[in-house]
Amino acid sequence: MTERMDADGIPGAVIALVGPEDAVTLRGFGLAVMDPSVPADPETSLFRLGSVSKTFIYVIALQLVESDQLDLDAPIARYAGADLTGAGPEDAGPTVREVLTHTAGFEERYSNVIADAPMRTEKYLRGSPVPDRRQNADKVPAYSNYGASLVALACEAVTGTDFASLAKERIFEPLGMDNTSFDQSAARQEDPNQAVGYQAGQAQPFEILGPYAAGGASSTAADMASFMADLLAEDPILMSSETRDLMLSRQVAMHPDLPGMALGFYEESRAGIRAVGHGGATFHFLTNMILFPDTGIGLFVSMNGGAAGRAIQRDLVWSIIDTHLAPRVGTERSLRPQTIPDADRPPSGPYALSRRYFDGPGRLLETLTQADVEVSEDGILTISSLRGNDGVPRRFVYSGDGLFRAQNDRRIRLAVWQGDDGTWRLAGDDLRPIQVLEHRPWHRSKHTAKTLQTVAKAGLGVGFGLLVVLVGLMWRSFRSLAVRDVVLTGVVGIGVLSAFSGLFLWAEWAAMVTTELDGFNSTFRPRLRLMQLVSGFSLIGPVASIILIGRSLFLRSADKGEIVSWNAALVTALSFILAGFAAFAAYGWMHDLFDLSLAL
């Protein structure tokens, strides 16, 4: 374990393993704090849970269902308010069950996910426009912090108590989880037991989660062992066994042979062994909790080295399965490719996660994170983002009924289907059932975006360079130029500069928000408005270019000093420039960069 952690640059980890008959194993590895050196202690070290915090929302929601205070099939607007759910006269909005299973259809929202100070649940929800919802007849899952926070708000509304207090009263105190809380105050940040997050060995600041109920908890491995043990107990403390079984039962799945969504928890079926659980990630902590209800085994692991620990956590789960539940016999035997019938053959091309922005500049993230799917003539399907431990994309072969299996490990499955809306979708063990991959049309493709960027830069750069050279040559030849032509050339130059600045600024913003989410917060909006203004100001360039082309083509003059005497060369240069402006405008439209609502 420590060798793997050192190789991946992970300072510390804590693990809790619970089993039948109250068996509990707690382990700490490495350091919770590097300077000064503080060992990772499973009893006392406080690791950030990230989205594993949502499991507390799900438990309290089911407690309220059990006491008839929440109705799973009622619109969540009944409890959280229509103005926060997108409900209207002709649309009651999603039900509590749909929000719990992440099938409400909400688009992504990153605004205030990382906040400057702790926020109340309602303040977070009102911090940006209500997310749009897709018409979700296919029940396509799209993971949503906003949706989970709506459930937390509903729990607050029916009890009259803030969620942090609810969790303390209804979960932490009954189970003796004395070290677990949603506290994100300065005092908690300075707690000597608080683990520090690291990136590449560098200490990172404490992350304040705006949707605190959905991601802001801190806990110890020992406390989480108590939580898992109760969820697996024959006679749980937190709720009746019937309600617990309902909470952990499958509600929706994209394919009958693949893991689906329970009520908040998601399935992770492996080798025929059903598991349910939840993962969590901040920028600096990676956490996973997985339960095997049929065997009474539960695993909790948290690391303070960012996303680098994904492979280790995945291998820990597999090691439990291979060692204790389903020994790996014959699963490595390579499967032979089969012919894929047309009804189950997805188109090759770019695919995006269903968890994404529908509108606004957030669309930039989609083209940055799209995966390439390739289906070869010999029946091999590969997805660029699904890779094995060797870093090579997995090769899937067809096994019938819309299902594929990894060629070298038949336990890993992938389902392919075409929805009622005509969209091809992929779901699988490596994707988790909280989201699917969806085929994107050419005008939403990352390859189209890259082409538009290249055409814009080349057209504007080459065209304006030629124009400047021509103007210089004409001045040298004739010693005079028409003032209006000089002015128009200057306006074209300002437009070109604005377009180049826009391309640079939006690319810089997209790169920033892939590593930190501050760029989505309301405090960043003035800068985004300035970026929109700079990009929009480029429109003066094509107007001036068209006027210059018109003068070159249709005006005649005896004055050899006018630009119109260089018709062919000028039209060529200006055509390059117009092509660049057109590509820049298409790039902006594709990513909704000029959306005035700035729904982030």
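Residues numbered from 1 in each chain as written. Predicted model: local features only at pLDDT ≥ 70, side-chain atom pairs only at ≥ 80, totals over all residues. Heavy atoms only, no water.

Trainee: Looking at this structure, how should I read the overall build of the protein?
Mentor: A tally of regular secondary structure across the protein gives 18 helices and 19 strands. Across its three principal directions, the C-alpha atoms of the protein cover 100 × 60 × 55 Å. Each of the 600 residues in the protein was classed as buried or not, and the buried ones make up 55%. The contacts of the protein with a sequence gap of at least 6 include a subset with a gap of at least 24, amounting to 68%. (Helix = DSSP H or I, 4+ residues; strand = E, 2+ residues; numbered from the N terminus. Buried < 20%, exposed > 50% of the residue type's maximum accessible area, 1.4 Å probe, protein only. Contact = heavy atoms within 4.5 Å.)

Trainee: It is not clear to me how the nonpolar core should be interpreted in this structure. Could you clarify?
Mentor: A general tendency of soluble globular proteins is for nonpolar side chains to be buried together. Grouped together as the largest cluster of nonpolar side chains are 119 residues, with contacts concentrated most on Phe56, Phe163, Ile171, Phe227 and Trp509. Those residues in contact with Phe56 that lie beyond four places of it in its chain are Leu49, Phe163, Ile171, Phe172, Met177, Thr180, Phe182, Ala217, Met224 and Phe227. Counting residues in hydrophobic clusters, the runner-up holds 39 residues, among them Phe29, Val301, Tyr351 and Ile383. (Core = buried A, V, L, I, M, F, W, Y, C linked by side-chain atoms within 4.5 Å.)

Trainee: Help me understand the pairing of strand S17 (residues 409-418), please; the structure alone is not making it clear to me.
Mentor: The side chains of a regular strand alternate between both faces of the sheet. Where burial is concerned, most of S17 is hidden: eight out of the ten residues are buried. Note that strand S16 (residues 403-406) and S17 share four bridges and pair antiparallel. Counted as the bridge partner of Leu403 is Ala415 from S17. The pairing of S17 with strand S18 (residues 424-428) spans five bridges and is antiparallel. Its bridge partner lying in S18, Val416 is registered against Leu426. With antiparallel pairing between neighbouring strands as the criterion, S17 and S18 make up a hairpin whose turn holds five residues, including Gly422 at a positive phi of roughly 90°. (Pairing = 2+ DSSP bridges.)

Trainee: Is there a simple way to explain helix H2 (residues 54-66) in this structure?
Mentor: Along an α-helix, a turn takes 3.6 residues, which lines up residues three or four apart on a common side. Taking 1.5 Å of rise per residue, 13 residues should cover 18 Å, and H2 covers 18 Å from first to last C-alpha, within 8% of that figure. Burial of H2 is extensive: twelve of the 13 residues sit out of reach of the surface. Turning to H2, its buried residues are Lys54, Thr55, Phe56, Ile57, Tyr58, Val59, Ile60, Ala61, Leu62, Gln63, Leu64 and Val65. In the stretch just after H2, Asp68 is the one whose phi turns positive, near 65°. (Expected span 1.5 Å × (residues − 1).)

Trainee: How should I be thinking about the side chain of Asp592 in this particular structure?
Mentor: In this structure, Asp592 sits in the segment after helix H18 (567-590). Despite being buried, Asp592 has no salt bridge partner; Arg363 is the closest side chain of opposite charge, sitting 4.3 Å away. Within the local environment of Asp592, its side chain forms a polar contact with the backbone nitrogen of Gly360, the two atoms lying 2.7 Å apart. Contacts of Asp592, omitting those with residues within four sequence positions, involve Asp359, Gly360, Pro361 and Arg363. (Lys, Arg positive; Asp, Glu negative; His and termini not counted. Salt bridge = Lys/Arg side-chain N within 4 Å of Asp/Glu carboxyl O. Polar contact = N/O pair within 3.5 Å; in protein donor to acceptor, adjacent residues only side chain to side chain.)

Trainee: Sorry, what's going on with the packing of aromatic side chains here?
Mentor: How two aromatic rings sit relative to each other is set out by the distance from centre to centre and by the angle between their planes. Counting across every chain of the model gives 15 aromatic pairs. Judged by centre distance (5.3 Å) and plane angle (65°), the ring pair of Trp509 and Phe520 falls under edge-to-face. A residue pair is termed long-range when its members are at least 10 positions apart, and Trp509 in helix H15 (residues 483-513) and Phe520 in the loop between H15 and helix H16 (525-537) qualify at eleven residues. As far as burial versus exposure is concerned, Trp509 and Phe520 are alike and both buried. Grouping aromatic residues by their ring pairs yields a cluster made of Phe56, Phe163, Phe172, Phe182, Tyr212 and Phe227. The residue whose ring lies beneath Arg444 is Trp589, and the NZ or CZ to ring-centre distance is 4.9 Å. (Phe/Tyr/Trp six-rings, centres within 6.5 Å; stacked < 30°, edge-to-face > 60°. Lys NZ or Arg CZ within 6 Å of the ring centre and 35° of its normal.)

Trainee: Hey, could you run me through the sheet that holds strand S15 (residues 393-400) in this one?
Mentor: Adjacent strands of a sheet form backbone hydrogen bonds with each other and so pair up, either parallel or antiparallel. In space, the eight strands of this closed barrel follow the order S12-S13-S14-S15-S16-S17-S18-S19, with antiparallel pairing throughout. The sheet shows a mean angle of 35° between the axes of neighbouring strands, direction not considered. (Axes fitted to C-alpha atoms, helices over the stretch in contact; angles between N-to-C directions.)

Trainee: Would you take a moment to explain a negative patch on the surface for this structure?
Mentor: A cluster of acidic residues, Asp162, Glu169, Glu173 and Asp178, forms a negative patch at the surface. Looking at the element boundaries, Asp178 is found in the loop between helix H7 (163-175) and helix H8 (186-189). (Patch = residues over 30% accessible without salt bridge, like charges linked within 9 Å, V, L, I, M, F, W, Y side chains within 5 Å. Areas by Shrake-Rupley, 256 points an atom, 1.4 Å probe, with all protein chains shown as cover. Charge placed at Lys NZ, Arg CZ, Asp CG, Glu CD.)

Trainee: Would you explain the pairing of strand S14 (residues 380-387) in this entry?
Mentor: Here strand S13 (residues 371-375) runs beside S14; their pairing, made up of three bridges, is antiparallel. The residue bridging Glu374 from the neighbouring strand is Thr382, located in S14. The turn joining S13 and S14, which pair antiparallel and follow one another in sequence, is formed by four residues; a positive phi near 90° is taken by Gly379. Connecting S14 to the next strand, S15, in antiparallel fashion are five residues, including Gly391 with a positive phi near 80°.

Trainee: Explain unusual backbone geometry here, please?
Mentor: For residues besides glycine, phi is generally negative; the peptide bonds are generally trans as well. In this structure, Pro36 follows Asp35 across a cis peptide bond, with omega equal to 0°. Following the sequence through the fold, Pro36 ends up in the loop between strand S2 (23-33) and strand S3 (38-39). Within the chain, Asp68 stands out as a residue other than glycine whose phi angle is a positive 65°. Relative to the elements of secondary structure, Asp68 occurs in the loop between H2 and helix H3 (77-80). A relative accessible area of 71% means that Asp68 is categorised as exposed. With a phi angle near 65°, Asn112 is a residue other than glycine that sits in the positive phi range. Within the secondary structure, Asn112 is located in the loop between helix H4 (96-100) and helix H5 (121-125).

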